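Summary of the model geometry
These are the residues of each chain, in order.
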Amino acid sequence: MAEADAKHPLSFQDMILTLHRYWSARGCAILQPYDMRVGAGTFHPATTLRSLGPEPWNVAYVQPSRRPTDGRYGENPNRLQHYYQYQVILKPSPADLQEQYLGSLAAIGIDPLLHDIRFVEDDWESPTLGAWGLGWEVWCDGMEVTQFTYFQQMGGFDCKPVAGELTYGLERLAMYIQNVDNVYDLRFSDAVGDVAAVSYGDVFLENERQFSKWNFEVADTDALFAGFKAAEAECNRAIEAGVPLAAYDQAIEASHLFNLLQARGVISVQERANYMARVRDLAKGSCKAWIDSQSERWTVQYPGWTL
Amino acid sequence: MTDFLLELRSEEIPARMQANARFELRERFSDTLHEAGLVVSDSDITVWSTPRRLTLIARNLPDATAAVSEELKGPRSSAPPQALEGFLRKTGLTQDQLEDRDGVYFAVIDKPGRATAAVLAEAIPAIVRGFAWPKSMRWGKESASSESLRWVRPLSGIVAIFGEELVPCEVSGISAGFATRGHRFHCPGEITIGSAADYAEKLRACHVIVDHEERQAIIRDGAAKAAADAGLSLVEDEGLVIENAGLTEWPVPLLGRFDTAFLEVPPEVIQLTARVNQKYFVVNGADGKLANGFVCTANIDAKDGGKEVVAGNQKVLAARLSDARFFWEQDLAHPLETYLPKLEAMLLYEGMGSLREKAERISILAGWIAEQYFPERDPDTARRAGLLAKADLATGMVGEFPELQGVMGGYYAERGGEKPGTVSALQQQYVAAVEGCIPACVALADRIDTLALFFARNIKPTGSRDPFALRRAALQTIQTILVNDTRLNLKRVVEKSHEIAKRNAAIAGNMQVSDSAALASDLLDFFADRLKVQQREAGVRHDLIDAVFVLGGEDDLVRLLARVKALQAFMATEDGTNLLAGYKRAANILKQAGEVSGTAAATPPTEADATLLAALDTAEPAAATAVADERFTDAMAALASLRAPIDAFFEGVMVNDPDEAVRAYRLGLLARFTGAVHGVADFSKIEG
């Protein structure tokens, strides 16, 4: 694997591998992406559910994220309906979290005496997850490259202890490191011997075209509405049945279907708030069921811990 | 006398919170020490902030608090023994330690002085724990408990040095020490502070300028110089100076450029993008127009002199400006009125319909106002401007930058070939005092419509709560009327506005007040209150406004103020104050007289009565005509002519004459006198 070097900046995949190695060396379990369509790495149950409760939890993973309304048919150099987030969760948040994070930037080739790294206030809130935290957007020469958050609440419950969450926007960071202006020009992998390098466009340009079209024009809205209802019902059934992990999958599903319905432009302003509240109820219900299923064990293993 | 240093180091404190945090630290420190018996003068306290630290230096603290002797009065020595026992319990003394002074027991308790260092060691944790941040958080292992310390961001270290001695204390596992840290990147290791005296200089050596004012000056001057060196001039922005000082410990202003092609986007858009999203200053060229440059403030002394930093920032700004240009071009692709249907989905307060419906109401009312009250008589343009007023809210640019509402509408209307009056109306509609005929018609229609709708729903400001900014809407209505010298019957306009709103059945159905005249009179009182507040700043007496307002029937604010101002000028003269004295005397006598009994004499009983009668015969019609002709100074002069006769009257006669007929005559004369005064203003409302 290549090392970060100013003359030969890391390829997209080497940047990911470098981050994996970096966080692995700091005790993180390197998880794989969750196998469902989500809007952000925070939706992965390894963040949402595992940030609840007293157990230490240190993980890192890449999460493909889908934001149907951000699709631009492959024509905008900065906007994608499918992109990657690199997510790190450290619970409890370590005292040197900022230093660890800055170390990861150095590892992928950002020299903080050449580039202006700044922590600029940005409080995070996810109305659909009933979650909020305080932190910053991290700027590199004026560009936001990471969201850095100390979770205070998830699913409406206090985080005890607080988890630190780092969300790197991988494409932006790579565009910065590789100094390219168009995301599709990113070097995804390097040439090796006879095998040519692959660009981000080689991998994803056609996807952006087709999915933008599907998201905005094709997706069957009746089926999406029906799917939303079905996911909502199934989530509640699973909560009843005491299987919160399965319930949470359905909350994720409902959330994504809602995003697709928005992209199709069939949810009015008035309805929007209502749908968001329904998704939030599912997410909160799943979080509560998760806590209910675990709290007996937590109280035994962590004396003194209370909800 | 010893100096004390306190540094509370944390992860990055939001820039906008630092000024208040400094204030809070100063106050809490003074209060806490004051309670312990240490009075610190404000000039001996210095507070500084950087993104990563809050610092307080208190100079000339005494080494110990003064010993105090406290005296407590006890029971009489003759009181029952239980009273004495109770007093001894309370003071913890024995009977022989009490002093008997003239039959009363006194306890004298000496409290020795305490070492200041000990007071500080207690004060620091109390200050930290009680600190009020606008938003605070928990973190780390300790946050497993809900009781854990809260701070704006994780608190990472405390330096507390009294003289050269450590003040030993601890908050939530963080112990005070001599060590702090310098600049995050230039000087990442620990540095040891010796005392308050070497603190700032040691930090400076480690690339931290701890004095926020010094950083502000570096940014202010450095940004201006960076621009000037390139032949440009900085657009000054003190808010940005302070914000950037709150984001940096070692500020380095750097000039960057962007493609001149972006200058086709309106300058307001460029400035807003640069300022709000990126915290950059913008610059003007020699022609005074926005130029293709900006100044960013880095937090490092970069190894390459800032080349990479500038290149990176240029790229970010270019991406933002191309977004803005995209919106600009997209928005311009369709005429402004094609955005109107989109306003249907944008709702006002519940039950008040959509913005599309509001646009319709503004249009009708603006047209009506133009027709009725503006000599230009251009209701068509007023209607058109009213209809388009809110259209820009549906454009992409305003969706992205809500602050540009109105400004963008003006640009789009101009490009769309609308009349200058329409363009100006759209541009100005969110300004306080809107100038010009068409702009004023639209602004008045917009604000009066809002006020009428909320008042019809009985939703009014209460105390400090005014969530829909109705006070501001009323104030801006007043300002717009006055700045244009617009002569209009405010009551009639409110009625008209209410009538227009009632045409919509759904909106009318939600109203609690359906009588337009009742609504208008309610709103007029609200306007009167706002007028008093607004005019106070201009030095106009609120009691004089009342004196004219209570006469009723006056809803032409321009005329009302002209009368008030003439009255105020009159009240500043000797004639005015004497007349007021005469009026009050007359009013008192009339009040005490109650029902007048007997028939008044047919002719003036004395010369003084006759003189007053003659004066009234002249002054009354003169004042009335002057008021009707809006010659308010002349009206005051007419009143002034009554001063000598009323003074002579009180001097020369006794109102309560034993002769009933004479008394009745004189009371009648006084009633006529006060009536004449009331024709100009209700003097009973005037103070003094």
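So, a few notes on the structure that sits alongside this text. Everything quoted here is computed from the prediction, not taken from an experiment.

Thoughts on the overall build of chain A
Scanning chain A from terminus to terminus reveals 8 helices and 11 strands. Expressed as lengths along the three principal axes of its C-alpha atoms, the size of chain A is roughly 55 × 50 × 35 Å. For chain A, the residues scored as buried account for 54% of the 307 residues in total. Of the contacts made within chain A by residues no fewer than 6 positions apart, 66% connect residues no fewer than 24 positions apart. As displayed, chain A has an accessible area near 12,500 Å², and 51% of this comes from carbon and sulfur atoms. Distance from the positive charge centre (25 side chains) to the negative charge centre (40 side chains) of chain A: 4 Å.

Observations concerning the sheet that holds strand S4 (residues 68-76) of chain B
Residues and elements named next belong to chain B. Spatially, the 3 strands line up as an open sheet ordered S4-S6-S5, and their pairing is antiparallel. Of all strands in the sheet, those bounded by a partner on one side alone are S4 and strand S5 (99-101). Averaged over neighbouring strand pairs, the angle between their axes works out to 35 degrees when direction is ignored.

A closer look at helix H9 (residues 355-373) of chain B
Here H9 of chain B spans 26 Å end to end across 19 residues, near enough to the 27 Å set by a 1.5 Å rise per residue. Looking at where H9 of chain B begins, the residue whose side-chain oxygen comes 3.3 Å from the main-chain nitrogen of Arg-356 of chain B is Ser-354 of chain B.

Brief notes about the pattern of salt bridges
For the structure on display, the rule yields 59 salt bridges over all chains. Two residues, Glu-206 of chain A and Arg-209 of chain A, come together in a salt bridge whose shortest N-O distance is 3.2 Å. With Glu-206 of chain A and Arg-209 of chain A both in helix H5 (residues 200-218) and 3 residues apart, the pair spans about one turn of that helix. Residue Arg-209 of chain A is classed as partly exposed on the basis of its relative accessible area of 40%. It is possible to trace a salt-bridge network through shared partners that takes in Lys-358, Arg-361, Lys-390, Asp-446 and Asp-449 of chain B.

Description of the interface of chain B and chain A
The interface is formed by 44 residues belonging to chain B together with 42 residues belonging to chain A. Counting the surface lost from both chain B and chain A, the interface buries some 3,500 Å², and carbon and sulfur atoms represent 53% of this. Taken as a group, Arg-138, Phe-185 and Lys-315 of chain B account for 17% of the area that chain B buries against chain A, more than any other trio of residues on that side. Seen at the junction of chain B and chain A, the total is 6 salt bridges. We note a salt bridge from Arg-16 of chain B to Glu-121 of chain A, for which the minimum N-O separation is 2.6 Å. Put simply, chain B and chain A have 23 residue pairs in polar contact (both at pLDDT 80 or more) between them. Those elements that provide at least two residues to the side of chain B that touches chain A are helix H7 (267-278), strand S16 (290-298) and helix H8 (307-332) of chain B. With 7 residues, the top contributor of residues to the side of chain B that touches chain A is H8 of chain B.

Comments concerning helix H2 (residues 81-91) of chain B
Residues and elements named next belong to chain B. Looking only at H2, the buried set comprises Leu-84, Phe-87, Leu-88 and Thr-91. Along the long axis of H2, the arc covered by the buried residues comes to 100 degrees, so they all point the same way. For H2, exposure combined with an orientation more than 90 degrees from the buried face picks out Gln-82, Arg-89 and Lys-90. Buried residues along H2 sit in contact with S4 and strand S6 (104-111). Once H2 ends, the next one or two residues include Gly-92, with phi positive near 75 degrees.

Some points on the nonpolar core
Membership of the largest hydrophobic core comes to 238 residues, with the highest contact counts inside it found for Trp-23 and Tyr-168 of chain A together with Phe-4, Ile-369 and Phe-683 of chain B. A total of 14 residues in this core trace back to one element, the largest contributor, which is helix H14 (residues 437-456) of chain B. In contact with Ile-369 of chain B, other than residues within four places in its own chain, are Phe-374, Cys-441, Leu-444, Ala-445, Leu-488 and Val-493 of chain B. In terms of nonpolar packing, the next biggest core, distinct from the first, is built from 45 residues, Met-36, Ala-40, Leu-129 and Tyr-248 of chain A among them.

Observations regarding the packing of helix H6 (residues 221-240) of chain A against helix H7 (residues 244-263) of chain A
Residues and elements named next belong to chain A. Their axes nearest at 8 Å, the elements H6 and H7 cross at an angle of 160 degrees. Taken together, the axes of H6 and H7 lie roughly antiparallel to each other. For H6 against H7, the interelement crossing comes out left-handed. Along the contact surface, H6 presents Thr-221, Leu-224, Phe-225, Gly-227, Phe-228, Ala-231, Glu-234, Cys-235, Ala-238 and Ile-239, while H7 presents Ala-246, Ala-247, Gln-250, Ala-251, Glu-253, Ala-254, Leu-257, Phe-258, Leu-260 and Leu-261. For the contact of H6 with H7, the per-class residue count stands at 15 nonpolar, 3 polar and 2 charged.

Side note on the environment of Leu-355 of chain B
Residue placement: Leu-355 of chain B occurs in helix H9. Not counting chain neighbours up to four residues away, the residues in contact with Leu-355 of chain B comprise Leu-343, Met-346, Leu-348, Lys-390 and Leu-393 of chain B.

Considerations on the environment of Arg-264 of chain A
Residue and element names in this part refer to chain A. Here Arg-264 is to be found in the loop between H7 and helix H8 (269-301). The partly exposed category is assigned to Arg-264, whose relative accessible area is 22%. The sequence separation of Arg-264 and Val-218 amounts to 46 residues, and the corresponding C-alpha distance is 8.3 Å. For Arg-264, the residues in contact, after removing those within four places along its chain, are Trp-214, Asn-215, Phe-216, Glu-217, Val-218, Ala-219, Thr-221 and Leu-224.

A short note on the packing of aromatic side chains
Residue and element names in this part refer to chain A. With the rule as written, the count across this model stands at 37 aromatic pairs over all chains. Taking the centre distance of 5.2 Å and the plane angle of 40 degrees together, the rings of Trp-124 and Phe-151 count as tilted. Within this pair, whereas Trp-124 is found in strand S5 (residues 124-126), its partner Phe-151 is found in strand S7 (residues 143-154), the two being separated by 27 residues in sequence. For the pair Trp-124 and Phe-151, one class covers both residues: buried.

Remarks on the packing of H14 of chain B against helix H16 (residues 490-502) of chain B
All names here are of chain B. The N-to-C vectors of H14 and H16 enclose an angle of 70 degrees; their axes lie 9 Å apart at closest approach. Compared by their axis directions, H14 and H16 come out roughly perpendicular. Handedness of the H14/H16 crossing: right-handed. In this structure, H14 contributes Ile-448, Asp-449, Ala-452, Leu-453 and Ala-456 to the contact, and H16 contributes Leu-490, Val-493, Val-494, Ser-497, His-498 and Ala-501. The class makeup of the residues in the contact of H14 with H16 is 8 nonpolar, 2 polar and 1 charged.

Here's the deal with the pairing of strand S3 (residues 53-61) of chain B
Residues and elements named next belong to chain B. The element S3 is extensively covered by neighbouring structure, given that 7 of its 9 residues are classed as buried. Both strand S1 (residues 2-10) and S3 contribute to a ladder of 7 bridges, which runs antiparallel. Across the sheet, Arg-9 pairs through a bridge with Arg-53, a residue of S3. Bridge count between strand S2 (residues 45-50) and S3: 6 bridges; the pairing is antiparallel.

Criteria and thresholds
Residues numbered from 1 in each chain as written. Chains lettered and ligands numbered in written order. Predicted model: local features only at pLDDT ≥ 70, side-chain atom pairs only at ≥ 80, totals over all residues. Heavy atoms only, no water. Helix = DSSP H or I, 4+ residues; strand = E, 2+ residues; numbered from the N terminus. Buried < 20%, exposed > 50% of the residue type's maximum accessible area, 1.4 Å probe, protein only. Contact = heavy atoms within 4.5 Å. Areas by Shrake-Rupley, 256 points an atom, 1.4 Å probe, with all protein chains shown as cover. Lys, Arg positive; Asp, Glu negative; His and termini not counted. Charge placed at Lys NZ, Arg CZ, Asp CG, Glu CD. Pairing = 2+ DSSP bridges. Axes fitted to C-alpha atoms, helices over the stretch in contact; angles between N-to-C directions. Expected span 1.5 Å × (residues − 1). Polar contact = N/O pair within 3.5 Å; in protein donor to acceptor, adjacent residues only side chain to side chain. Salt bridge = Lys/Arg side-chain N within 4 Å of Asp/Glu carboxyl O. Buried area = accessible area lost by both parts, 1.4 Å probe. Arc of directions from axis to C-beta. Core = buried A, V, L, I, M, F, W, Y, C linked by side-chain atoms within 4.5 Å. Parallel < 35°, antiparallel > 145°, perpendicular 65-115°, else oblique. Left-handed = near helix turned anticlockwise from the far one by under 90°. Nonpolar A, V, L, I, M, F, W, Y, C, P; charged D, E, K, R; others polar. Phe/Tyr/Trp six-rings, centres within 6.5 Å; stacked < 30°, edge-to-face > 60°.

Keep in mind these numbers describe shape, not what the thing actually does.
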